[in-house]
Amino acid sequence: ELANRMAERSADVVKALMKMGMMVSMNQPIDADTAELVIEEFGHKTVRVSDSDVEQVIDTVEDKAEDLQSRPPIITIMGHVDHGKTSLLDAIRKANVVSGEAGGITQHIGAYQVTTDSGAVLSFLDTPGHAAFTSMRARGANVTDIVVLVVAADDAVMPQTVEAINHAKAAGVPMIVAINKVDKPEADPDKVRSALLHHEVIVEKLSGDVQDVEVSAKTGLGLDELLEAIALQAEILELKANPDRSAQGAVIEAQLDIGRGPVATVLVQHGTLRRGDIFVVGEQWGKVRALINDKGERVEEAGPSVPVEVLGLNGTPEAGDVLNVVETEAQAREIAEFRNQQAKDKRAAAGAATTLEQLMAKAKADENVAELPVILKADVQGSAEAIVQALEKVGNDEVRVRVLHYGVGAITESDIGLAEASQAPVMGFNVRANAPARNSANQKGVEIRYYSVIYDLVDDIKAAASGLLSAEV
Ligand code: GDP
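On a predicted model such as this, the values are computed, not experimentally measured, just so you know. (Residues numbered from 1 in each chain as written. Predicted model: local features only at pLDDT ≥ 70, side-chain atom pairs only at ≥ 80, totals over all residues. Heavy atoms only, no water.)

1. Details of the site of the ligand
- Within the structure, the ligand sits among 15 residues, and Asp82, Lys85, Thr86, Ser87 and Asp183 are positioned closest to it.
- Measuring from an oxygen atom of the ligand, one finds a backbone N or O atom of Lys85 at 2.8 Å.
- Asp183 has a polar side-chain atom sitting 2.6 Å from a nitrogen atom of the ligand.
- Computed on the free molecule, the ligand has an accessible area of 580 Å², of which 72% lies beneath the protein chains in the complex.
- Sorting elements by how many residues they give to the shell around the ligand places helix α5 (residues 85–99) first, with three residues.
- Tallied by class, the residues present in the shell around the ligand amount to two nonpolar, seven polar and six charged. (Near = heavy atom within 4 Å. Polar contact = N/O pair within 3.5 Å; in protein donor to acceptor, adjacent residues only side chain to side chain. Areas by Shrake-Rupley, 256 points an atom, 1.4 Å probe, with all protein chains shown as cover. Helix = DSSP H or I, 4+ residues; strand = E, 2+ residues; numbered from the N terminus. Nonpolar A, V, L, I, M, F, W, Y, C, P; charged D, E, K, R; others polar.)

2. Description of the sheet that holds strand β20 (residues 426–429)
- Pairing in this open sheet of four strands is parallel, and the strands run β19-β18-β20-β21 from one edge to the other. Every other strand in the sheet has two partners, leaving β19 (399–408) and β21 (448–451) as the edge strands with one partner each. On average, each strand axis in the sheet is inclined to that of its neighbour by 25°, with strand direction left out of account.
- Pairing of strand β18 (residues 370–378) with β19, which is carried by nine bridges, proceeds in the parallel orientation. (Pairing = 2+ DSSP bridges. Axes fitted to C-alpha atoms, helices over the stretch in contact; angles between N-to-C directions.)

3. So, the pairing of strand β2 (residues 74–79)
- In terms of burial, β2 is largely enclosed, as six of its six residues are buried.
- By the bridge criterion, two bridges tie β2 to strand β4 (residues 121–125) in an arrangement that is parallel. In the sheet register, Ile74 faces β4, and the bridge partner there is Ser123.
- The pairing of β2 with strand β5 (residues 146–152) spans five bridges and is classified as parallel. Bridging from a neighbouring strand, Ile77 pairs with Val148 of β5. (Buried < 20%, exposed > 50% of the residue type's maximum accessible area, 1.4 Å probe, protein only.)

4. Points about the packing of helix α13 (residues 413–422) against helix α14 (residues 435–444)
- Axis separation between α13 and α14 bottoms out at 8 Å; the angle between their running directions is 20°. Relative to α14, the element α13 is oriented roughly parallel. The interaxial crossing formed by α13 with α14 has right-handed handedness. For the pair α13 and α14, the contacting residues are Glu413, Ile416, Gly417 and Glu420 in the first and Pro436, Ala437, Ser440, Ala441 and Lys444 in the second.
- A per-class count over the contact of α13 with α14 returns four nonpolar, two polar and three charged. (Parallel < 35°, antiparallel > 145°, perpendicular 65-115°, else oblique. Left-handed = near helix turned anticlockwise from the far one by under 90°. Contact = heavy atoms within 4.5 Å.)

5. So, the packing of aromatic side chains
- Enumeration according to the criterion identifies one aromatic pair in this entry.
- Ring centres of Tyr112 and Phe124 lie 5.7 Å apart, and the angle between their planes is 25°; on these two criteria the pair is classed as stacked. A residue pair is termed long-range when its members are at least 10 positions apart, and Tyr112 in strand β3 (residues 111–115) and Phe124 in strand β4 qualify at twelve residues. Like Tyr112, the residue Phe124 is buried in the burial classification.
- Positioned over the ring face of Tyr450 is Arg432, at 3.7 Å from the centre of the ring. (Phe/Tyr/Trp six-rings, centres within 6.5 Å; stacked < 30°, edge-to-face > 60°. Lys NZ or Arg CZ within 6 Å of the ring centre and 35° of its normal.)

Spelled out as structure tokens, the structure:
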């Protein structure tokens, strides 16, 4: 690679390195300082691309207050499985299509916009649940302004409800509670309200400051009210962005499309993205060939909080990657390559970034109680609960095991996402990780451990927890 860049023969580069006392093969990575020496040896000039160069190229100017204009809020729907997240997203979209555009065919691009009766525009992320939210956060993309927490009125506050609350709180994102399925005869919305109290979520009906709306995704009851509640919350937040600068956005979905090549749905956060713009996105770069909105229409540009599909990428980025418009293709390529190299180095170094051993070392020294986060998947609910109970007994005043999430079934990509964001290992009890989860874990350096004996699992965690203790002393 280095020889290539210098337009020299690779054998000569290897020879030069050997003269410097480094016995390397053709494809062996060398560090930057060595590379610089070699480059000088050949009489070339070194141009180092560093983080700060990247920052310089990317427009990071602070916006002046007068340039800021209000922008639509971006909403993520979270809640326990089967409480109606998907149904609610569908119902909101459908209700809006009927009153909206001719044709009314919506495209699934990962996010969509609706207009409320009072004229407010809202952008919904189409991937419900906190897994996506968390993996975006892990990659540094905080796109959500408001979380709608769905709780089924015929059920109760469930583990994932609590997770969602914790994730929203951790991100500092305000919540609105949608009490769903109120059409059901056994629905008991007040039970939901009081159950939320135990998790420090005090809804307006109980004189708190979290808006609560009773809805039915099935009948459409309360949907308008929910949308207005969101619009009100958005007004309070005074969300603003400058549309007149080079665009920055976050990838919320990306895939390789057979006919169209790599496609990414980007939610614009600053500025306005236009056809013809040159950009870098994560480790990829490109030039906007076409922009397609959530109604499947080609558009010329997309401003703040608008989701668009972007065509014209040279590779497929990942959800959570940040897109930045830059001046020239050379810059875009340079930054993308720099990041690519960085990522490779990181992967090589990571091996397993979140092994139990490393967790000990990484334990938060700034807190009085060190926490050992764990994610658990088991074959049956009974074992999961037994293990959680056993794990919660591990630890003492100084260290505590925190089961961030547990569930029944195979280890999935969303478990890995949560593990990455929370620096936690994933423990599988009589279950395995599926193939996408395994790949994802390898890429992200998330440790997966398999067990078939509860005692072994608890023992390992105990060992890690005591390691956590000794690491702190
Ligand atoms: P998710 O897992 O949170 O995305 O939940 P889904 O949207 O898939 O809904 C789970 C189940 O609850 C489905 O069978 C839905 O038809 C049903 N459901 C969702 N919302 C309502 C509602 O408001 N009323 C009734 N009766 N059923 C609902």
